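A closer look at the structure
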Amino acid sequence: MTPAVCFDAVVKRYGSREVLSGLAFEIQHREIVGLLGRSGIGKTTLLKLVAGLEKPTRGKVRVQARRIGYVFQEPRLLPWKTTLENVTLPLRAAGLRLNEAVERATRLLAAMGLSEFLQSYPSQLSGGMCQRVSLARAFTVGPDILLLDEPFSSLDIEMKNELQAMLVERLAVQPATVLYVSHAPEEVRQIADRLLTLTAAGTLVEASLQNTPRPDGKPERSGVRASCSA
Amino acid sequence: MKQTRLFTTPFRDRLFTALGLLLLLGGWQLLSFLTHDILVASPAQTVASLWDMLSTAYFREHSLVTLKRIFIGILFGGMGGFVLGVTAGLNRDIRNLLNPLRWIMLSISPVVVVVLAMLWFGMGSTMVIFIASVLIMPIVYVNTVKGIEMVDTTLVEMAQLYRFSLFMRIRDLYTPAIIGPLSAAMVLVICMGVRVVLLAELMGANDGIGYAVGTTRTDLDTPRLFAWILVSLAMVSVLEFCLLRPVEKHFRKWQS
């Protein structure tokens, strides 16, 4: 079966700086992969390559998905749109009729405990709630692939745990291939099937689900596939 | 709890605005007292002349013609500037292509535009509307391009990810984002529109407030001249508060 995501000798450079060096790995459908690594090492770049927001300098990125959901580090909600409108817009962009989009978004927002805030603007919501709306927006498109870029890093522990539980709950209802970026191993370990660590050299190594990776990012166990299966 | 605009505006702001108005009126009264009637009409003479004029068909005809020209001029100039600004803001090649034209349009003297328009269109409405549009368009264009350049790139990326159509990007992302800088420019545009239309009417039209102002000069009717000035100021206020503010309020309701 064709993998959901396949990186084939992908190189990404910004000017003379090489962020990703010959990256090759696969993610299978419905697999939840945690991606670890220091801040600024290129984890977000990797996600953007999957999302099609960036193009590789060399190599190929193959993605098998009709819809991609993305929860960014910051909520990225349109400040002049209400909660409901923010969640409805991707559905409208996907071609749904207004009433159909509103109905679907309302249902999802209700499931995520945001019924009372449908007509609130982002400035009227707390940071945690905004991120919850962002999570709802990502799920509302029915994503085949869900990209999470340190989605809860700016939240307090309590809110982080709450949203993490909500994410797990939602994934049980709407399974998807997940690439979960974090620099906190304990955060992704709870839900990941597999952990990968992006090293300073711009390569990926597989990390243990049991142990915390070494701070220098060196592998405890290697074995990332070097090419895409047909 | 929601509060009305009246109560959210600080009392101090209103007090100083009223004080500024009183100072202006006082200065005007003093100036009219110190100079001859033919040079500066007093506020009382101006109001009396305005009162006499208000009920006449002459006033209605000239005012409506000017208002129509200002409205159409701002509409054409504003829409043209906005559409070109959005296109150029989203496409660097088009922006570079339009750069020389923008430079010429912003730098050219209004008097040159008036003379050229008179040459091309002769006397009348077409000429006046053309002048207003041509002088307004580059201001709206520049502010639209600047506004689009300043749109939060993370939101642009989000729109790209969720595959917003071009129409959705313009309607839901760019337009609300640039409405702040653009509304400031539109206040300038309205003031400029009124000034330019009056100037064009004075130089090359047989009707309108500009034309009427010209006749007061030949009749040496200074109170009527000042009355027309008040009318033109009222037009700016009407356009700003009845046209611009509601649009601005609609787009900025999320900030309230």
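Residues numbered from 1 in each chain as written. Chains lettered and ligands numbered in written order. Predicted model: local features only at pLDDT ≥ 70, side-chain atom pairs only at ≥ 80, totals over all residues.

1. Considering the overall build of chain B
Stated precisely, the cut-off is as follows: For the purposes of this entry, the term helix denotes a DSSP run of H or I that reaches at least four residues, the term strand denotes a run of E that reaches at least two, and both are numbered from the N terminus. Exposed residues have 12 or fewer other C-beta atoms within 10 Å of their own C-beta, buried residues have 20 or more, and partly exposed residues fall in between, where C-beta atoms are placed from the backbone. Think of it this way: build a C-beta for each residue from its backbone, and any pair within 7 Å is a contact.
The number of helices and strands found in chain B is 11 helices and 0 strands. Listing the helices and strands of chain B from first to last along the sequence gives α-α-α-α-α-α-α-α-α-α-α. Taken along its principal axes, the extent of the C-alpha atoms in chain B is 70 × 55 × 30 Å. Sorting the 256 residues of chain B into buried and exposed places 34% on the buried side. Of all intrachain contacts in chain B linking residues separated by at least 6 positions in sequence, the fraction that spans at least 24 positions is 75%.

2. With respect to the overall build of chain A
The secondary structure content of chain A amounts to 6 helices and 9 strands. Taking the principal axes of the C-alpha coordinates as reference, chain A spans close to 50 × 35 × 35 Å. A total of 230 residues make up chain A; the buried ones form 43% of that total. Pairs at least 24 apart in sequence give 68% of the contacts found in chain A among residues at least 6 apart.

3. Thoughts on the environment of B:Ile72
Along the chain, the position of B:Ile72 falls in helix H4 (residues 57-90). Through-space distance from the C-alpha of B:Ile72 to that of B:Arg245 is 18 Å; in sequence the pair is 173 residues apart.

4. Some points on helix H2 (residues 11-34) of chain B
An α-helix turns once per 3.6 residues; consequently, residues spaced three or four apart project the same way. For clarity, the threshold we go by: For a helix, the expected span equals 1.5 Å multiplied by the number of residues minus one.
The terminal C-alpha atoms of H2(B), which comprises 24 residues, lie 34 Å apart, in line with the 34 Å expected from a rise of 1.5 Å per residue. Among the 24 residues in H2(B), 1 count as buried, and that is only a small part of the element.

5. Some points on the nonpolar core
Keep this limit in mind: For this entry, the nonpolar core is defined as buried Ala, Val, Leu, Ile, Met, Phe, Trp, Tyr and Cys residues connected by C-beta atoms within 7 Å. The start and end points of each domain follow an automatic or database-based domain assignment.
Judged by nonpolar contacts, the single largest core of 124 residues is most densely connected at A:Val50, A:Leu147, A:Leu179, A:Tyr180, B:Ile131 and B:Ala132. Three or more residues apiece are contributed to this core by two domains, here domain 1 (1-65 + 144-230) and domain 2 (77-142) of chain A. Excluding residues within four positions of it along the chain, A:Leu147 makes contact with A:Leu47, A:Val50, A:Ala51, A:Ile68, A:Gly69, A:Tyr70 and A:Leu179.

6. Digging into the packing of helix H9 (residues 166-204) of chain B against helix H11 (residues 222-251) of chain B
Residues and elements named next belong to chain B. Threshold: Structural elements are reduced to axes, namely lines fitted to C-alpha atoms, with helices fitted over the stretch in contact, and the angle between N-to-C directions of any two is expressed from 0 to 180 degrees. Any angle that falls under 35 degrees is termed roughly parallel, while one over 145 is termed roughly antiparallel, one within 65 to 115 roughly perpendicular, and all others oblique. Rotating anticlockwise by less than a right angle from the far helix to the near helix defines a left-handed crossing, while the corresponding clockwise rotation defines a right-handed one.
Packing of H9 against H11 brings their axes to within 10 Å, and their N-to-C directions diverge by 165°. Viewed along their axes, H9 and H11 adopt a mutual orientation that is roughly antiparallel. In this structure, H9 meets H11 at a crossing whose hand is right-handed. Between H9, through Pro176, Ile179, Ser183, Met186, Val187, Ile190, Cys191, Val194 and Leu198, and H11, the contact on the second element is made entirely by Ser232, Met235, Val236, Leu239, Glu240, Leu244, Glu248 and Phe251.

7. Overview of the domain arrangement of chain A
Residues and elements named next belong to chain A. What counts here: Residues are sorted three ways: Asp, Glu, Lys and Arg are charged, Ala, Val, Leu, Ile, Met, Phe, Trp, Tyr, Cys and Pro are nonpolar, and all the rest, Gly among them, are polar.
Along its sequence, chain A is carved into domain 1 (1-65 + 144-230) and domain 2 (77-142). Centre-to-centre separation of domain 1 and domain 2, based on C-alpha positions: 26 Å. With 11 residues of domain 1 in contact, the opposing surface of domain 2 contributes 9 residues. When residues of the side of domain 1 that touches domain 2 are assigned to their parent elements, the largest contribution, 5 residues, is made by helix H5 (residues 157-173). A breakdown of the residues in the side of domain 1 that touches domain 2 according to their chemical character gives 8 nonpolar, 2 polar and 1 charged.

8. Points about the pairing of strand S5 (residues 68-71) of chain A
All names here are of chain A. What counts, and what does not: At least two DSSP bridges between two strands are needed for those strands to be called paired.
Of the two faces of S5, both are covered, the one formed by Ile68 and Tyr70 as well as the one formed by Gly69 and Val71. In the sheet, S5 pairs with strand S6 (residues 145-149) via 4 bridges, with the strands oriented parallel. Across the sheet, the residue bridging to Ile68 is Ile145, located in S6.

9. Points about the interface of chain A and chain B
With 17 residues of chain A at the contact, the number on the chain B side is 15 residues. Residue assignment for the side of chain A that touches chain B shows that the elements contributing at least two residues are S5 and helix H2 (83-93) of chain A. The leading source of residues in the side of chain A that touches chain B is H2(A), at 4 residues. Looking at the side of chain A that touches chain B residue by residue, the class counts come to 12 nonpolar, 1 polar and 4 charged.

10. A look at the sheet that holds strand S1 (residues 5-14) of chain A
All names here are of chain A. A sheet is described by the order of its strands in space; here 3 strands give the open sequence S2-S1-S4, paired in antiparallel fashion. The sheet is open, and its two borders are formed by strand S2 (17-27) and strand S4 (58-63), each paired with just one other strand. Here the average twist between neighbouring strands, direction ignored, is 25°. The sheet contacts of helix H1 (residues 43-51) involve S1, S2 and S4, and relative to S1 the element is tilted by about 125°.

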